[in-house]
Amino acid sequence: MRSMSGPIRWRDGRLELLDQTRLPDEEIWLRCERAEDVADAIRRLAVRGAPAIGIAAAYGLALDASRFDEAAELLGSTRPTAVNLAWAIERQREAREAGADLAENADRLAGDQLESDRRMAEHGARLFGSGERVLTHCNTGALATGGYGTAIGVIKTAFDAGKVERVWVDETRPLLQGSRLTAWELDNAEIPFKVVTDSSVGTLMSQGLVDRVVVGADRIAANGDTANKIGTYTVAVVAARHGVPFHVAAPLSTVDPDTPSGTHIPIERRNPTEVTTHANAENWAFDVTPAELIASIITEAGVHEPPYDFAR
Ligand code: MRU
């Protein structure tokens, strides 16, 4: 059976996940024997990023095909905002009903994700001028999709075409997906970048240091409202204030036609101890950027502008 490069490896009927909580200091692979191991890895963000969560869950179901319904319920309950999770579980349910092999179907979903990422990157890179300074939030690279990446895939392809001078990387409080993971990926890809605190976005934009913003998504409502890592909405508001184009890059599996608008998107709240252990805290993991602040949504099907019609 084919094994994937990236954060998810399927080898001889066993699943291995790159523990992203340990990056960039250590590259430790977790061996998952049961759906419970995968659910635990998803919950504690050892595997994370909406598309990668979906692929990991698909392999998790392959591990426990004999008790599919129980495993599907467990995996589906791990993180509420990323719709790719429910999407991937549904694809596995269909495969099972059709009598298909779940590991092979998970391989296929992973392969499709890589293909979507590549197409998205080509579409998105065309939006860039030359030598742009682009800002991104959270981590949307291969680590987050198991493929080539969404927003980071767009940025990499634009960079290869000479269209990116530098990337501004929001550190992404509280779990630092930007300064730990995006920085690690951009470093490996030899793309010039600087990490900034999340609260630097106003200063950067008011000084004219950002030409474009590209971020990923965990769920896109039918009207284009987009849930992504907490802090994304703030970036979008400041970008609108300064006339900086703000784009979302995500596969069509992140679009949820059953969610009419952002107010219907369930927002994950995580353990406050991820924020601080010294005081009471609240820890919303995502926020919603209203469609009116988004210049365009880049998917494998092309660059979508409002009013949205996300035919798959
Ligand atoms: O909590 P995380 O690290 O899973 O959040 C990830 C994000 O917010 C990403 O921007 C999103 O999932 C898109 S990943 C291609």
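See the structure printed just above.
Residues numbered from 1 in each chain as written. Predicted model: local features only at pLDDT ≥ 70, side-chain atom pairs only at ≥ 80, totals over all residues. Heavy atoms only, no water.

Thoughts on the site of the ligand
In step 1: As a matter of local geometry, the ligand sits amid 17 residues, with Arg-48, Arg-79, Asp-218, Asn-228 and Lys-229 nearest to it.
In step 2: The backbone of Ala-50 places a nitrogen or oxygen atom 2.9 Å from an oxygen atom of the ligand.
In step 3: Relative to its unbound accessible surface of 420 Å², the ligand loses 100% to contact with the protein.
In step 4: Among the cavities detected, the one that contains the ligand is the largest cavity.
In step 5: Contributions of two or more residues to the shell around the ligand are made by α2 (50-63), α6 (142-145) and β9 (226-229). (Near = heavy atom within 4 Å. Polar contact = N/O pair within 3.5 Å; in protein donor to acceptor, adjacent residues only side chain to side chain. Areas by Shrake-Rupley, 256 points an atom, 1.4 Å probe, with all protein chains shown as cover. 1 Å grid on protein atoms, 1.4 Å probe; cavity = no way out; pocket = protein on both sides within 12 Å on 5 of 7 lines; lining within 4 Å. Sits in = over half its atoms within 2 Å of the grid points. Helix = DSSP H or I, 4+ residues; strand = E, 2+ residues; numbered from the N terminus.)

Observations concerning the side chain of Thr-172
In step 1: Relative to the helices and strands, Thr-172 resides in the loop between β5 (164-170) and α8 (177-188).
In step 2: We classify Thr-172 as buried; its relative accessible area is 0%.
In step 3: Ignoring anything within four residues of it in the chain, the contact list for Thr-172 reads His-137, Cys-138, Gln-177, Gly-178, Asp-198 and Lys-229. (Buried < 20%, exposed > 50% of the residue type's maximum accessible area, 1.4 Å probe, protein only. Contact = heavy atoms within 4.5 Å.)

Quick look at the sheet that holds β5
In step 1: Taken in spatial order, the seven strands make up an open sheet running β6-β5-β4-β7-β10-β13-β14, and their pairing is mixed. Lying at the two open borders of the sheet, with one neighbouring strand each, are β6 (193-196) and β14 (302-304). Direction aside, neighbouring strands of the sheet carry axes that sit 25° apart on average.
In step 2: The pairing of strand β10 (residues 246-249) with strand β13 (residues 296-299) spans three bridges and is classified as parallel. Across the sheet, His-247 pairs through a bridge with Ser-296, a residue of β13. (Pairing = 2+ DSSP bridges. Axes fitted to C-alpha atoms, helices over the stretch in contact; angles between N-to-C directions.)

Points about the packing of aromatic side chains
In step 1: By the definition in use, this model includes two aromatic pairs.
In step 2: Ring geometry for Tyr-308 versus Phe-310: centroids 5.1 Å apart, planes at 5°, classification stacked. Take Tyr-308 and Phe-310: they sit in the same class, and that class is buried.
In step 3: Of note, Arg-9 hangs over the ring of Trp-29, and the distance from its end group to the ring centre comes to 3.7 Å.
In step 4: In this structure, Arg-212 is placed above the aromatic ring of Phe-128, and the distance from its NZ or CZ to the ring centre is 5.2 Å. (Phe/Tyr/Trp six-rings, centres within 6.5 Å; stacked < 30°, edge-to-face > 60°. Lys NZ or Arg CZ within 6 Å of the ring centre and 35° of its normal.)

Overview of empty space enclosed by the protein
In step 1: A full pass over the atoms with the stated rule returns two cavities of 30 Å³ or more.
In step 2: Estimated volume of the largest cavity: approximately 210 Å³.
In step 3: Of the residues that constitute the lining of the largest cavity, the class distribution is ten nonpolar, ten polar and four charged.
In step 4: Considered as a void within the structure, the second largest cavity measures approximately 50 Å³ in volume.
In step 5: Arg-173, Pro-174, Leu-175, Gln-177, Lys-229, Ile-230, Arg-270, Glu-274, Asn-283, Trp-284 and Ala-285 are the residues that line the second largest cavity.
In step 6: For the lining of the second largest cavity, the residue count by class is five nonpolar, two polar and four charged. (Points joined across faces, edges and corners; volume = space filled by probe spheres on them. Nonpolar A, V, L, I, M, F, W, Y, C, P; charged D, E, K, R; others polar.)

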